[in-house]
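Coordinate inspection notes
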Amino acid sequence: MLVTVTERTREIGIRKAIGAPRGAILGQFIAEATVLSLTGGLLGVLAGVLGSLFTIAGVKPVLVPSSIVLALAVSVAIGLFFGSYPANRAAKLRPIDALRHN
């Protein structure tokens with residue numbers, strides 16, 4: 001998310017220059033972080049469920065439903081935590097500084 005914010009600094013500057021409130025920019029990046037982490041978490045859960053269908057070195061993995069929920073929750077929590085810092089930083093930028101950024 002830090003790279004996403006850095007690459008889109010000019011877009012943020014344009015949005016702020018035309019009057020976008022801090023909450024709109026913060027919400028955009030938080031929504032992106034949530035969608036990305038949820039998608040990654042769901043793909044990870046899918047890979048884990050598919051991997052548990054196979055016997056590995058004579059051992060049949062056991063799938064516990066609470067571990068699926070926990071894995072998905074941790075994925076989303078990490079995405080939100082590490083997405084909130086760059087989102088907050090982007091929302092605090094002054095329009096002129098964002099537009100001047102290369």
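Preceding block: the structure.
Worth saying up front: this structure is predicted, and the values here are computed from it rather than measured.

**Quick look at the overall build of the protein**
- Helix and strand counts for the protein come out as five helices and zero strands.
- The globule rule puts the C-alpha radius of gyration for 102 residues at 13 Å, and the 19 Å found for the protein is more than 25% above it.
- Each principal axis of the C-alpha atoms in the protein carries an extent, and together these give about 65 × 25 × 15 Å.
- In the protein, which comprises 102 residues, the proportion classed as buried is 22%.
- For the protein, restricting intrachain contacts to residue pairs at least 6 apart in sequence, the fraction spanning at least 24 positions comes to 76%.
- Total accessible area on the protein stands at roughly 6600 Å², and carbon and sulfur atoms take up 73% of it.
- Averaging the locations of the 10 positively and 4 negatively charged side chains of the protein gives two centres separated by 6 Å.

**Looking at the side chain of Q28**
- Take Q28: it is sitting in helix α3 (residues 22-51).
- Not counting chain neighbours up to four residues away, the residues in contact with Q28 comprise R8, E11 and R15.

**Section: the nonpolar core**
- V5, I12, A20, I25, F29, A87, A90 and A91 form the largest nonpolar core, which has eight residues in total.
- When contributions to this core are tallied by element, the ones reaching two or more residues are α3 and α4 (65-92).
- At three residues, α4 tops the list of elements feeding residues into this core.
- Look past the residues within four positions of F29 in its chain and what remains in contact with it is M1, T4, V5, R8, I12, A87 and A90.

**Section: helix α2 (residues 9-17)**
- Among the residues of α2, T9, I12, G13 and K16 are the ones counted as buried. In an axial view of α2, the angular spread of the buried residues amounts to 100 degrees, which keeps them on one side of the axis.
- Those residues of α2 that are buried lie in contact with α1 (2-7), α3, α4 and α5 (95-100).
- In the stretch just after α2, G19 is the one whose phi turns positive, near 110 degrees.

Each value, and the rule that gives it
- Residues numbered from 1 in each chain as written.
- Predicted model: local features only at pLDDT ≥ 70, side-chain atom pairs only at ≥ 80, totals over all residues.
- Heavy atoms only, no water.
- Helix = DSSP H or I, 4+ residues; strand = E, 2+ residues; numbered from the N terminus.
- Rg over C-alpha atoms; globule rule 2.2 N^0.38 Å.
- Buried < 20%, exposed > 50% of the residue type's maximum accessible area, 1.4 Å probe, protein only.
- Contact = heavy atoms within 4.5 Å.
- Areas by Shrake-Rupley, 256 points an atom, 1.4 Å probe, with all protein chains shown as cover.
- Lys, Arg positive; Asp, Glu negative; His and termini not counted.
- Charge placed at Lys NZ, Arg CZ, Asp CG, Glu CD.
- Core = buried A, V, L, I, M, F, W, Y, C linked by side-chain atoms within 4.5 Å.
- Arc of directions from axis to C-beta.

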